[in-house]
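# Fold and contact review
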Amino acid sequence: MSEQIDPRNLHTAEPFPPQAQSQPGLTARTIPTPDHGESRYRGSDRLHGRRALITGGDSGIGRAVAIAFAREGADVAIAHLPEEQADADDTVDIIREAGRVGLSLSGDVREPDFAEAIVSRAADALGGLDLLVLNAAYQKDRDGLEHLADDEFDRVFRTNLYGMIYTARAALPLLEPGASIIVTSSIQAFQPSPGLIDYAMTKAAQVAFVKALAEELGPRGIRVNAVAPGPIWTPLIPATGWDAERLASFGQDTPLGRAGQPAELAGAYVYLASDAATYVSGAVLPVTGGKPL
């Protein structure tokens, strides 16, 4: 009998050390280094021959999904900010080591031309598009609504909502029956924190987007779902602007007693993208360490 894994002990529950980054956060400056599944994820051909585009695919959850998709047999294009090129190069190297086509697309999804062009560029390079993971996101700690500057909530809304819509809208004409769209929402959509008020608003809007689009595209045989992560240790966290105390306690209020790692979400995306989920659409799959939605 194989040994069972105690989820409380799979990754450290020790406090995260004090650290700060400017946006966007980078993997090399994140301590400890997030686990994206580089050494642990083993594929079983569940996505053989699929073609995927992942926004925000250079690091964090996006990198974990890119690694898993590639090791499950998919070719993968990732979109990312120019400042994240080093992370993107590392991710593409891992995709190619899995024997799959890997493509890096540098730009900002807040710009309509870029957010739309990545669809055709990915489809041209991969020979089509079957899987679309809308994962790019921006968050920042807020010291009260009265201090929330216009340019800041504009950046959050344009990254998390406008960019998502631009890319999804461009992809729809290319998607055939059996295609899958997966949005990275958040537990913040259901349990919003005051310090992330604008981010939480966008995540709640994404849930509505998923449910409405699933109804629209169901008759075309296209499934639309979301994953709602809880506290996950990614470069975005030390770039959020939290103080040492908030970082130290990050994720420790979950029933499992620790923050999650990006690799622990990969299976949820693979499931939703695969034929194991052919009757799943309009769903929000929580990966929260036991925190309820």
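See above for the structure.
### Regarding the pairing of strand 1 (residues 51-55)
Burial analysis of strand 1 places five of its five residues in the buried class, the great majority of the element. Of the two faces of strand 1, the one carrying R51, L53 and T55 and the one carrying A52 and I54 are both buried. Pairing geometry for strand 1 and strand 2 (residues 75-80), over five bridges, is parallel. Paired with A52 across the strands is V76, a residue of strand 2. With helix 1 (residues 60-71) bridging strand 1 and its parallel neighbour strand 2, the resulting β-α-β unit is right-handed. For strand 1 and strand 4 (residues 131-134), the ladder comprises three bridges, and the chain directions are parallel. Paired with L53 across the two strands is L132, which belongs to strand 4.

### Some words on unusual backbone geometry
For residues that are not glycine, phi is negative in most cases, and the peptide bond is trans in most cases. Following Q23, the chain continues into P24 via a peptide bond in cis, with omega recorded as -5°. At the junction of I31 and P32, the peptide bond is cis and its omega measures out at -5° in the coordinates. By the secondary structure assignment, P32 is in the segment before strand 1. With phi around 65°, D45 is a residue other than glycine that occupies positive phi space. Mapped onto the secondary structure, D45 falls in the segment before strand 1.

### A word on the packing of aromatic side chains
One pass over the full model with this rule turns up six aromatic pairs. Between the aromatic rings of F16 and W233, the centroid separation amounts to 3.8 Å while the plane-to-plane angle is 10°, which identifies the pairing as stacked. Pair noted here: F16 is in the segment before strand 1 and W233 is in the loop between strand 6 (223-229) and helix 6 (244-248), with a separation of 217 residues, a long-range link. Taking 6.2 Å as the distance between ring centres and 55° as the angle between the ring planes, the aromatic pair formed by F16 and F250 counts as tilted.

Cut-offs used in this document
Residues numbered from 1 in each chain as written. Predicted model: local features only at pLDDT ≥ 70, side-chain atom pairs only at ≥ 80, totals over all residues. Heavy atoms only, no water. Buried < 20%, exposed > 50% of the residue type's maximum accessible area, 1.4 Å probe, protein only. Helix = DSSP H or I, 4+ residues; strand = E, 2+ residues; numbered from the N terminus. Pairing = 2+ DSSP bridges. Right-handed = clockwise from strand over helix to strand, strands pointing away. Phe/Tyr/Trp six-rings, centres within 6.5 Å; stacked < 30°, edge-to-face > 60°.

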